[in-house]
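Below, each chain spelled out in residue letters.
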Amino acid sequence: MSLNFTFPLAVCTALVVIPWLGASAQTMPKANPKMKVADGIPEKASAFSLKDVRILGGPFKHAMDLDHQYLLSLDPDRLLHNFRVNAGLPSSAKPLGGWEAPDSEVRGHFVGHYLSACAQMYAATGDEKLKANATYVITELAKCQKALGNGYLSAFPETFIDRVETLKPVWAPWYTVHKILAGLIDNYSLCDNKQALDMAIRMGDWAKHRMDKLSDDQMQRMLENEQGGINEGLANLYAITGKKEYLALSERFNHHAVIDPLARREDALDGLHANTQIPKIIGAARQYELTGDPKLQTTASFFWDVVTRDRSYVIGGNSDGEHFSPKAHLSAYLSPTTTETCNTYNMLKLTHHLFTWDPKAHYADYYERALFNHILASQDPDDGMMCYYVPLHSGSRKQYSTPNDSFWCCTGTGVENHARYGDSIYYHEGGQGLYVNLFIDSKLDWKSRGITVRQETRFPEEGLSHLAFTCARPTRMAVHIRRPAWATSEFHVLVNGKEDMAAVSPSSYAVISRTWKTGDRVEIRMPMGLHTEAFKDNANRLAFLYGPIVLSAEWNGGAQLPVIVSAGHDVQDGVTPVQNKTLTFTGEPGVFKAVGEPSGEKLTFKPFYATYKTSYVVYWDVFTPEQWEVKQAQVKAQLAQERALEARSVDVIHPGEEQNERDHKFTGAMTNNGDFGGKKWRDARAGGWFSYELKTLPDAALDLGVTYWGSDGGGRDFDILVDDVKIATESLANKHPDKFFDVVYPIPTDLTKGKSKVTVRYQAHPGSMAGGVFACRILKQSGVQK
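Residues numbered from 1 in each chain as written. Predicted model: local features only at pLDDT ≥ 70, side-chain atom pairs only at ≥ 80, totals over all residues. Heavy atoms only, no water.

A. The environment of Thr337, seen in detail. In this structure, Thr337 sits in the loop between α14 (294–310) and α15 (341–357). On the basis of relative accessibility, which here comes to 2%, the residue Thr337 falls in the buried class. Once the C-alpha coordinates of Thr337 and Glu429 are considered, the two residues, 92 residues apart in sequence, prove to be 40 Å apart. In this structure Thr337 touches Ser319, Asp320, Gly321, Glu322, Tyr389, Asp683, Asp712 and Arg716, once residues within four positions along its chain are discounted. (Helix = DSSP H or I, 4+ residues; strand = E, 2+ residues; numbered from the N terminus. Buried < 20%, exposed > 50% of the residue type's maximum accessible area, 1.4 Å probe, protein only. Contact = heavy atoms within 4.5 Å.)

Right, dumping it as structure tokens:
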């Protein structure tokens, strides 16, 4: 899908978009004296340190403050518990839950993210408490590493590495090792923690010793298991230490089954687990910077192009059920598990690399779209908790983490996301020119040039931004101000009240070259407009935007979701601004309709990032009046089928409904639940499971009926067991797009004969998901199987 941006520009001094680089790579500018190896390619745009930029106000400051509070609330000893136990050291701390529980195969991954986030937030705020907490954790981790004896450091036994090397089932041990390595490097880079570097070197030596024993073929087979960005981490360790063996090891971790087709400009991504692949490409990008290998440049650039242009949704995120859906049918892949937040965290890191090689505005356009509409939208603005997925199907609701019992991958990337907003606003051009890429209320302290730039803006509340300069001395400099792709008309840049801008087209830079002095002010006017963006493969499924801001409408009206019914006029005519309310619009009943509501629906639209704790609609299906009549008849027929199932039901589970699940003795592992399309669901991930106890009829022939969402797909292979006996294997693969459907599985009579209850279990295959399950029923057999 093309990304058409129309967002008002806030006035700001020149800045270049700095998307997120890998924790260690991006937060350590390549001119950092800590790096012993210079890049092998020229850097055309350079990032400022987080220490040079302060976020001053607006939604990003609010999000950062919440994240800051959450980081301070975490108990370092609870974070350390599993590491101490694994090293045979005493721990009296209460274990954490979720993915950091003692039995989780990725325990310890969040601690790596925590170290990175503390270092980044310290750099961004100057809060010494964060630095002290990270230093304490590192000091205690050093004791664990010493106790383990060989440089290995993790919260799980080294036998997990044995398992991945021998292709035995295990979740993702190298993924977790990478997070810890990155956290140590960040603390060396941003907090001057030399002990962290020593520990990272010992980890690198341990990894080399292990991998030297494997042939290249064995390495490649091992890399079928998710490994995070370990190739990037080792490349960064090489840049810091100058030890070439780390670069060689980094290159051995390149997964050729994925990287080689991309180097040939072949898109073979359909069906692949999305966030397994993106970190591999970030690693390739970092290797290109260090080696100059043009194949690695092509790999990274081509991957970015196909993901952002062909595989991304309107908010800038990608994936459905964590996998890359067929791009030719992207509009059909909308489920409760679209746009994993980790993916966008990593895509912004990749965008940063590409921008430094070739500072083009379209990289900043994407960065802005994803930052405002996915990253900012993934945080609960009340308590700072974070989303795993940000679902985009109509009727979805965001589900947030909990403070001590989630620690999903997206909780880890999440605590970093909101710590480093300052690295995405300004860039410099070889220490000379300045790029202004994002319109965020902030201050840049460019110490080496004696320049301070204060960007004053309420963007996106208004399409205006001001840059105020303070200069130690008059300074000749070119300031590059991004004209966003969405700023299609009436874009103006004024210097000290007078227009000073060469004619530029949308998605380019207005360049102002002059001698700057204290008191100079730049005003950027970027009128925002309402527009729509449709899927490439389905022009009748679209979203509304105001400038770059994706709009959503709250919906609490039940399962029959609203659509657009239009006889052919511009659908934008049905959305009008609300007077005296910024970024708020009304959807007119004459255009927006739902089954059973002949008078239509009056809806309120507001920014998607400000929509939370309620169901919503982002994508709208457009029908002609004639098509709408057919659709209503189909819905009524579906309701009749549901009533027929109810009549056959002996017992019913409604997954995700707390009391109903408690009554049916719910239990499980690696399982989550949420709301979608007016129904609740439950699934299990990464080989997890969940089960219920249901009533039966001891002398009747029975079936098991299960309700699924027809657009679910991507790695959803699971077994269904009744009293520990497998009765079916199911694979959800977008079988019935855009509708709920029921599957009826016969239950062998010997499993229910003489019983008044049975236990039904959904067991994901290794590395796969089970569900989502929207309903589970014991049914009297009707003689007709579906």
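Structure's up, so let's keep going.
B. Up close: the nonpolar core. Counting 190 residues, the largest nonpolar core has Trp174, Leu184, Phe253, Phe303, Leu350 and Phe469 as the members making the most contacts within it. Residues in contact with Phe303, not counting those within four places in the same chain, are Leu262, Leu269, Ile278, Ile281, Thr298, Phe324, Met347 and Leu350. Leu694, Leu702, Tyr745 and Val773 belong to the second-largest nonpolar core, a separate cluster that totals 28 residues. (Core = buried A, V, L, I, M, F, W, Y, C linked by side-chain atoms within 4.5 Å.)

C. Representation of helix α5 (residues 128–148). If you check α5, its first and last C-alpha atoms are 30 Å apart, about what 21 residues at 1.5 Å a residue would give, namely 30 Å. Against the buried residues of α5 lie α2 (58–73), α3 (76–86), α4 (109–125), α7 (173–191) and α8 (194–211). Its side-chain oxygen at 2.9 Å from the backbone nitrogen of Lys129, Asp127 defines the N-terminal cap of α5. (Expected span 1.5 Å × (residues − 1). Polar contact = N/O pair within 3.5 Å; in protein donor to acceptor, adjacent residues only side chain to side chain.)

D. Geometry of the pairing of strand β28 (residues 725–732). Judged from the 7 bridges that link them, strand β27 (residues 716–722) and β28 form a sheet pairing that is antiparallel. Bridge pairing in β28 links Phe718 to Glu730. Counting the residues between successive antiparallel strands, the hairpin from β27 to β28 contains 2 residues, one of them, Asp723, with a positive phi of roughly 50°. (Pairing = 2+ DSSP bridges.)

E. Structural context of the packing of aromatic side chains. Inspection of the entire model under this criterion finds 41 aromatic pairs. Ring geometry for Trp304 versus Tyr366: centroids 5.7 Å apart, planes at 85°, classification edge-to-face. A residue pair is termed long-range when its members are at least 10 positions apart, and Trp304 in helix α14 and Tyr366 in helix α16 (residues 361–375) qualify at 62 residues. One exposure class covers both Trp304 and Tyr366, and it is buried. (Phe/Tyr/Trp six-rings, centres within 6.5 Å; stacked < 30°, edge-to-face > 60°.)

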